[in-house]
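Structure at a glance
Residues per chain are reported as follows:
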Amino acid sequence: MGKTFVFVNQKGGVGKTTSAINIGAYLAEAGKSVLLVDFDSQANLSSGVGIDEAASKPGVYELISGIAAFDEAVRKTRTKGLSVIPAGIDLSGAAVELIEQDERDFFLKKALEPAKKIFDYILIDCPPSLGVLTLNGITAADAVLIPMQCEYFAMEGLSHLLQTVKRVKKRMSPGLDIGGIFFTMYDPRTRLAQQVVKEVSAYFNSKVFTTIIPRNVRLSEAPSHGLPISAYDPQCSGAKAYQSLAQEVLSRDA
């Protein structure tokens, strides 16, 4: 049975989508079958692996709505072993539609049941919020991966996010775990970044991944080419960091 991770942070611009794409690519490079699930109507993950708006249907919206079957929604990417269920603008209306439904927090979980039998890892990218779409993502997951930017307000947001995960675990998903916290966009020249890493690592201890993702221009460029960093520039510092982080994910899951 495949393991499902959800990438969550209610703050935008922390590298959540970049992390989902690149960890997924390096897991695939390690010989694992990986499914990326774009559950954000901005569809940045979809475009980041080369799926444009015109090619996004049927996608995740059609899947959770029952319009399309699971195998109709899955696309292969240019990276061997890496597939994706894309998102489109239609997903923006799903939040309103789901609120009126019974068991509204379980639509994605049910839709992804076939994936567990096919893929080793399912990685879900959620919107930068804690609304109904993100709750669907958390409920569908076995573990939560939290990318965290090294700044003061990120620490405040982390506390709120962990409270939400705790409530979901208690009420809807007793098997849910914190898969890990990792730092992104790290600049070692700033004292604040160093302090955030030190304080969060001391408090959360083993929940914090050792690998830290640095600020890296090549990581920002890769999505515009529809490629993970492993294909765009495998020798850059960002690529090496994500490769190391993917290995940590594998070792924790062993």
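Residues numbered from 1 in each chain as written. Predicted model: local features only at pLDDT ≥ 70, side-chain atom pairs only at ≥ 80, totals over all residues. Heavy atoms only, no water.

**Remarks on the pairing of strand E1 (residues 3-7)**
Summarising burial for E1: four of the five residues are buried, a large majority. Bridge analysis of E1 against strand E6 (residues 143-149) gives three bridges, and the strand direction is parallel. Bridge pairing in E6 places Phe7 opposite Leu145. (Buried < 20%, exposed > 50% of the residue type's maximum accessible area, 1.4 Å probe, protein only. Helix = DSSP H or I, 4+ residues; strand = E, 2+ residues; numbered from the N terminus. Pairing = 2+ DSSP bridges.)

**A few points about the environment of Ser47**
Mapped onto the elements, Ser47 comes out in helix H2 (residues 44-48). Accessibility expressed as a relative area gives 36% for Ser47, which makes it partly exposed. Separated by 40 residues in the primary sequence, Ser47 and Ala87 place their C-alpha atoms 9.3 Å from one another.

**Looking at a positive patch on the surface**
A cluster of basic side chains, namely Lys166, Arg167, Lys170 and Arg171, defines a positive patch on the protein surface. Structurally, Arg167 is set in helix H9 (residues 152-171). You can call Arg167 partly exposed: its relative accessible area is 38%. (Patch = residues over 30% accessible without salt bridge, like charges linked within 9 Å, V, L, I, M, F, W, Y side chains within 5 Å. Areas by Shrake-Rupley, 256 points an atom, 1.4 Å probe, with all protein chains shown as cover. Salt bridge = Lys/Arg side-chain N within 4 Å of Asp/Glu carboxyl O. Lys, Arg positive; Asp, Glu negative; His and termini not counted. Charge placed at Lys NZ, Arg CZ, Asp CG, Glu CD.)

**Side note on the sheet that holds E1**
On the basis of which strands lie adjacent, the open sheet formed by seven strands has the order E3-E4-E2-E5-E1-E6-E7 and mixed pairing. One side of each edge strand has no neighbouring strand; the edge strands of this open sheet are strand E3 (75-76) and strand E7 (177-184). With respect to the sheet, helix H1 (residues 16-29) is in contact with E1, strand E2 (34-38), strand E4 (82-85), strand E5 (121-125), E6 and E7, its orientation differing from that of E5 by roughly 165°. Packing against the sheet, H9 makes contact with E6 and E7, and its axis sits at approximately 170° to E6. (Contact = heavy atoms within 4.5 Å. Axes fitted to C-alpha atoms, helices over the stretch in contact; angles between N-to-C directions.)

**Section: the layout of surface pockets**
Empty pockets left among the atoms are what a rolling probe the size of a water molecule brings to light. The calculated volume of the largest pocket comes to roughly 480 Å³. Together, 24 residues line the largest pocket, and Val14, Gly15, Lys16, Thr18 and Met185 are the ones closest to its centre. Among the elements of the structure, H1 and helix H11 (217-221) are those that each provide at least two residues to the lining of the largest pocket. Of the residues in the lining of the largest pocket, the class split is 10 nonpolar, 10 polar and four charged. (1 Å grid on protein atoms, 1.4 Å probe; cavity = no way out; pocket = protein on both sides within 12 Å on 5 of 7 lines; lining within 4 Å. Points joined across faces, edges and corners; volume = space filled by probe spheres on them. Nonpolar A, V, L, I, M, F, W, Y, C, P; charged D, E, K, R; others polar.)

**Regarding a nonpolar patch on the surface**
On the surface, Tyr152, Phe153 and Leu192 cluster together into a nonpolar patch covering about 340 Å² of accessible area. Relative to the assigned elements, Leu192 resides in helix H10 (residues 191-204).

**Side note on the packing of aromatic side chains**
Taken as a whole and judged by the stated rule, the model has three aromatic pairs. Ring geometry for Phe182 against Phe209: centres 6.3 Å apart, planes inclined by 70°, an arrangement best described as edge-to-face. With Phe182 in strand E7 and Phe209 in the loop between H10 and H11, the pair connects residues that are 27 residues apart, well separated along the chain. Assigned by exposure class, Phe182 and Phe209 land together as buried. Here Tyr203 and Phe204 contribute two aromatic rings whose centre-to-centre distance is 4.8 Å and whose plane-to-plane angle is 80°, an arrangement assigned as edge-to-face. Seen from the ring of Phe209, Arg252 lies directly overhead, with NZ or CZ sitting 4.0 Å from the centre. (Phe/Tyr/Trp six-rings, centres within 6.5 Å; stacked < 30°, edge-to-face > 60°. Lys NZ or Arg CZ within 6 Å of the ring centre and 35° of its normal.)

**Observations regarding the pattern of salt bridges**
Scanning the entire structure with this criterion turns up nine salt bridges. Across the pair Lys3 and Asp253 runs a salt bridge whose closest N-O atoms are separated by 3.2 Å. On the criterion of sequence distance, the pair formed by Lys3 in strand E1 and Asp253 in helix H13 (residues 237-253) is long-range, its members being 250 residues apart. Overall, the relative accessible area of 28% leaves Asp253 in the partly exposed class. Salt bridges sharing partners connect three or more residues here, namely Arg218, Glu221 and Asp233.

Read these as geometric descriptors, not functional statements.
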